[in-house]
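Okay, here's what each chain looks like letter by letter:
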Amino acid sequence: MAAQQSQYYELYRGSTIGDCLIDTIDELINDSRIEPQLAMKILSNFDKTIADVLAEKVKARLTFKGHLETYRFCDDVWTFLVKDVKFKTDTSTEFTADKVKIVSCNSKRPGEV
């Protein structure tokens, strides 16, 4: 039986909540409280759930301006490194950052309709 390919990006595993989940799962595996196969199912479920919830629940928008330092396109993923960034939310709140990394993935996988 072939392994099922995840339909969701693993991008959010690198977020704060993803890092905490991975640390917790590692601890559970090390304590022999769960099997590694269950850990993989948990992470796949996390990938699906966070992508679905963000797409469904987050409606806020923001604009930004800054100086593009680097950009690349590889495996259908854009990565931008921007310096001296000024953000403005849809409620006109403004904030800044010295450096921002933006990763942009296609919402549809190749071959999806």
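Here's a quick rundown of the structure. The model shown is predicted, which means the values in this text are computed figures rather than measured ones.

Some words on the environment of E69
- Relative to the elements of secondary structure, E69 occurs in strand β1 (residues 62–74).
- Measuring from C-alpha to C-alpha, the distance between E69 and L81 comes to 5.5 Å, with 12 residues separating the pair along the chain.
- Not counting residues up to four positions away in its chain, the partners in contact with E69 are L81, V82, K83 and K99.

Overview of the packing of aromatic side chains
- The final tally for this structure, using the stated rule, is 5 aromatic pairs.
- Each ring, one from F87 and one from F95, has its centre 5.0 Å from the other, and the planes form 20°; the classification is stacked.
- Given a relative accessible area of 11%, F87 falls into the buried group.
- Three or more aromatic residues link up through ring pairs in this structure, and these residues are Y71, F73, W78 and F80.

Things to note about unusual backbone geometry
- The phi dihedral of D75 is positive, around 55°, even though this residue is not glycine.
- One can find D75 in the loop between β1 and β2 (77–89).
- With relative accessibility at 71%, the residue D75 sits in the exposed group.
- Backbone geometry places D84, a non-glycine residue, at a positive phi of 50°.
- Mapped onto the fold, D84 is located in strand β2.
- Given a relative accessible area of 52%, D84 falls into the exposed group.

Points about the environment of K59
- When you line up the elements, K59 lands in the loop between α2 (36–57) and β1.
- Relative accessible area serves as the criterion here: at 58%, K59 is assigned to the exposed category.
- For the pair K59 and D90, spaced 31 residues apart in sequence, the C-alpha separation works out to 9.9 Å.
- Among the polar contacts made by the side chain of K59, one reaches the main-chain carbonyl oxygen of E56 at a distance of 3.0 Å.

Some details on a negative patch on the surface
- A grouping of D19, D23, D26, E27 and D31 is seen on the molecular surface, where their side chains present a negatively charged patch.
- Within the fold, E27 resides in helix α1 (residues 16–30).
- Overall, E27 belongs to the exposed group, its relative accessible area being 52%.

As for the pattern of salt bridges
- Counted under the stated rule, the structure contains 5 salt bridges.
- D52 is the salt-bridge partner of K48, the closest N and O atoms lying 2.7 Å from each other. Residue K48 and its partner D52 are both found in helix α2; the two are separated by 4 residues, about one turn of the helix.
- The partly exposed category is assigned to D52, whose relative accessible area is 27%.
- Here K57 and E56 are joined by a salt bridge, their closest N and O atoms 3.8 Å apart. Taken as a pair, K57 and E56 share a single burial class, namely exposed.
- What you see here is one network of salt bridges that share partners, running through E10, R13 and D47.

What counts, and at which threshold
- Residues numbered from 1 in each chain as written.
- Predicted model: local features only at pLDDT ≥ 70, side-chain atom pairs only at ≥ 80, totals over all residues.
- Heavy atoms only, no water.
- Helix = DSSP H or I, 4+ residues; strand = E, 2+ residues; numbered from the N terminus.
- Contact = heavy atoms within 4.5 Å.
- Phe/Tyr/Trp six-rings, centres within 6.5 Å; stacked < 30°, edge-to-face > 60°.
- Buried < 20%, exposed > 50% of the residue type's maximum accessible area, 1.4 Å probe, protein only.
- Polar contact = N/O pair within 3.5 Å; in protein donor to acceptor, adjacent residues only side chain to side chain.
- Patch = residues over 30% accessible without salt bridge, like charges linked within 9 Å, V, L, I, M, F, W, Y side chains within 5 Å.
- Areas by Shrake-Rupley, 256 points an atom, 1.4 Å probe, with all protein chains shown as cover.
- Salt bridge = Lys/Arg side-chain N within 4 Å of Asp/Glu carboxyl O.
- Lys, Arg positive; Asp, Glu negative; His and termini not counted.
- Charge placed at Lys NZ, Arg CZ, Asp CG, Glu CD.

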